[in-house]
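A closer look at the structure
If you want the building blocks of each chain, they are given just below.
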Amino acid sequence: MNIVNDTIFALATAPGKAGVAVVRLSGPSVDKAAAFLFGALPEPRMAALRVLRDSDGVRLDQALVLYFPENNSFTGEEVLELHLHGSVAVVNRVLRVLGDLPDLRLAEAGEFTRRALENGCMDLAQVEGLADLIDAETEAQRRQALRVLSGDLGRVAERWRTDLIRAAALIEATIDFADEEVPVDVTPEVNALLEGVQADLSKEIAGVETAERIRTGFEVAIVGAPNVGKSTLLNALAGREAAITSEYAGTTRDVIEVRMDLAGLPVTLLDTAGLRETDDHVEGIGIERAKERASHADIRVFLIEQGEAPDFAPMSGDIVVAAKADTLESTKGAVSGKTGQGVSDLVEEITSCLSELAGRSGIATRERHRVAMQRADDGLNAAKSILALGPDHYDIAAEELRSAIRALDTIVGRIDVENLLDEIFSSFCIGK
């Protein structure tokens, strides 16, 4: 991506026919573009109705325009927004006219947001939060993304950084005065600072896996013997015919996935092949896939014939229910995908288990964050061990602290992230 001092433009709303379409411009030639299209810029942040015209004076559209001055906009540059009628023809014509103007070019994917990062309006974690917010499909995803976008992770990382800089300063002061009598032993304060940061790091590291699940979706696998009703149950949970059902055993050969929203949590239900001994090579592959996928799911729902045991030992949080409740005298703990009996109770139990899991998530949401925090924690452990060796080793301890600080700096993009930027921004749409 070419970050230069030119002016970029793009459609900032979804393409296609709509009530309103927003075209955004950012850069030093915003005033020239405005002068060409409609005349003088309006007052900052004050919407004004203007007629847009092309080079021949032909009317393009009547638009609501908004101007944001430098240092008071999303990108940190001068920004102009053209709120057009959402006609495909109007948008295309305006974009063509802008493309013919000197010093203007169409923005690349994520370039507006990248300029906000380059100009210090956002940190890297906030950029990731914005990407997650754009992709959010459920309430839990929206809330989590907004926390990151609002800068919560950056503020926590900055607090850790401040404490570690204070600890490093205390150690280095001791090194500087090594030949003089230092009346105060700094190690208690240094250790207290390090332990405080480590306590926070441990909590956040533990919550990353759950936070990632909120981003990408929890998985709930339905497992059991062939013809026990797994596909019928999946269809009942999904509210549609997502899987083929048959009275013949072994119908399901591969893992079937259905995406759902349970109480604001993103959930993928997995219908797996029936678990049994088989000489059918293809069915055997399906059974192996079923076992592998089920082992990595967040929750397994074991659907069993009443009085029988699951095919393998359930783990903590798994759910065991009896199948074909419509054929049983005692329906306690049983479910029937055919009639819907017990399905609402099962959904409630799954939701409760997943909500408990989701409650363990922290502010950090990505594997990149976890790796950075783990590196910082490793550096702090090393620093504490070296401090215990005495003042002769304090210079090494100080270097370990600096290494931990650098690791935390990568979370918000202060250092060592250039190789990440193209990958991150490639997921953005053009107008962001």
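Residues numbered from 1 in each chain as written. Predicted model: local features only at pLDDT ≥ 70, side-chain atom pairs only at ≥ 80, totals over all residues. Heavy atoms only, no water.

Here we look at the environment of Glu-128
Its location among the elements puts Glu-128 in helix α4 (residues 124–135). On a C-alpha basis, the gap between Glu-128 and Ala-145 in space is 8.3 Å, while along the polypeptide they are 17 residues apart. (Helix = DSSP H or I, 4+ residues; strand = E, 2+ residues; numbered from the N terminus.)

Quick look at the sheet that holds strand β2 (residues 20–26)
If you trace the six strands from one edge of the open sheet to the other, you get β3-β4-β5-β2-β1-β6, paired in mixed fashion. Edge positions in the sheet fall to β3 (48–53) and β6 (104–106), since each of these pairs with one other strand and no more. Recorded for the sheet is a direction-independent mean angle of 30 degrees between the axes of neighbouring strands. Judged from the five bridges that link them, strand β4 (residues 59–68) and strand β5 (residues 79–85) form a sheet pairing that is antiparallel. (Pairing = 2+ DSSP bridges. Axes fitted to C-alpha atoms, helices over the stretch in contact; angles between N-to-C directions.)

What to know about the sheet that holds strand β10 (residues 299–304)
Sheet strands line up and pair through hydrogen bonds in the backbone, either parallel or antiparallel. The five strands lie next to each other as β8-β9-β7-β10-β11, forming an open sheet whose pairing is mixed. Each of the sheet's edge strands pairs with one partner strand only, and the pair in question is β8 (256–262) and β11 (319–322). Sheet twist, expressed as the average angle between the axes of neighbouring strands with direction ignored, equals 25 degrees. As paired elements, strand β7 (residues 218–224) and β10 share five bridges and run parallel to each other. Each bridged residue has a counterpart across the sheet, and for Ala-221 the counterpart in β10 is Arg-300.

Let's talk about helix α12 (residues 394–412)
With 19 residues, α12 extends 28 Å between its outermost C-alpha atoms, agreeing within 8% with the 27 Å of an ideal straight helix rising 1.5 Å per residue. Every buried residue belonging to α12 is among Tyr-394, Ala-397, Ala-398, Leu-401, Ala-404, Ile-405, Ala-407, Leu-408, Asp-409, Thr-410, Ile-411 and Val-412, and all of these are buried. Looking one or two residues past α12, Gly-413 carries a phi angle of roughly 90 degrees, positive in sign. (Expected span 1.5 Å × (residues − 1). Buried < 20%, exposed > 50% of the residue type's maximum accessible area, 1.4 Å probe, protein only.)

Some words on the pattern of salt bridges
Enumeration over the complete set of coordinates arrives at 27 salt bridges. Between Arg-161 and Asp-409 there is a salt bridge, and its shortest N-O distance comes to 2.8 Å. Pair noted here: Arg-161 is in helix α6 (residues 152–176) and Asp-409 is in helix α12, with a separation of 248 residues, a long-range link. A salt bridge links Arg-166 to Glu-189; its shortest N-O distance comes to 3.0 Å. Placement of the pair is Arg-166 in helix α6 and Glu-189 in helix α7 (residues 187–216), with a sequence separation of 23 residues. Among the residues examined, Glu-189 registers a relative accessible area of 37% and is labelled partly exposed. The network of salt bridges with shared partners includes Asp-6, Glu-77, Arg-105, Glu-111 and Arg-115. (Salt bridge = Lys/Arg side-chain N within 4 Å of Asp/Glu carboxyl O.)

Side note on the packing of helix α5 (residues 139–149) against α7
It is at 8 Å that the axes of α5 and α7 come closest, and there the two elements cross at 120 degrees. Classed by the angle they form, the pair α5 and α7 counts as oblique. In this structure, the crossing between α5 and α7 has a hand that is left-handed. In this structure, α5 contributes Ala-140, Gln-141 and Gln-144 to the contact, and α7 contributes Ala-211, Ile-214 and Arg-215. Considering only residue class, the contact of α5 with α7 consists of three nonpolar, two polar and one charged. (Parallel < 35°, antiparallel > 145°, perpendicular 65-115°, else oblique. Left-handed = near helix turned anticlockwise from the far one by under 90°. Contact = heavy atoms within 4.5 Å. Nonpolar A, V, L, I, M, F, W, Y, C, P; charged D, E, K, R; others polar.)

Some words on the side chain of Arg-366
If you trace the backbone, Arg-366 turns up in the loop between α10 (343–358) and α11 (367–387). Of the residues examined, Arg-366 reaches a relative accessible area of 18% and is grouped as buried. A polar contact of 3.5 Å, which involves the side chain of Arg-366, links it to the backbone oxygen of Glu-128. Not counting residues within four places of it along the chain, the set of residues in contact with Arg-366 comprises Glu-128, Ala-131, Asp-132, Val-208, Glu-212 and Arg-215. (Polar contact = N/O pair within 3.5 Å; in protein donor to acceptor, adjacent residues only side chain to side chain.)

Side note on the environment of Glu-158
Mapped onto the elements, Glu-158 comes out in helix α6. Expressed as a C-alpha distance, the spacing of Glu-158 and Leu-408, which sit 250 residues apart in the sequence, is 8.4 Å.

Digging into the pairing of β5
Burial runs high along β5: five of the seven residues are buried. Pairing of β2 with β5 involves seven bridges; the strand directions are antiparallel. Bridge pairing in β5 links Val-23 to Leu-82.

Looking at helix α8 (residues 230–238)
Among the residues of α8, Lys-230, Ser-231, Leu-233, Leu-234, Asn-235 and Leu-237 are the ones counted as buried. On its buried face, α8 sits against β7, β8, β9 (265–271), β10 and α10.

A few points about the side chain of Thr-365
With respect to the helices and strands, Thr-365 occurs in the loop between α10 and α11. Residue classification places Thr-365 among the buried residues on the basis of a relative accessible area of 1%. Among all residues touching Thr-365, those that are not within four sequence positions of it are Asp-132, Gln-144, Val-148, Val-208, Ala-211, Glu-212 and Arg-215.

What to know about unusual backbone geometry
Positive phi, normally seen in glycine, also occurs at Arg-45, with a value near 60 degrees. Here Arg-45 is to be found in the loop between α1 (30–37) and β3. Even without glycine at this site, Asn-71 takes up a positive phi of about 70 degrees.

Nothing here speaks to function; it is all geometry.
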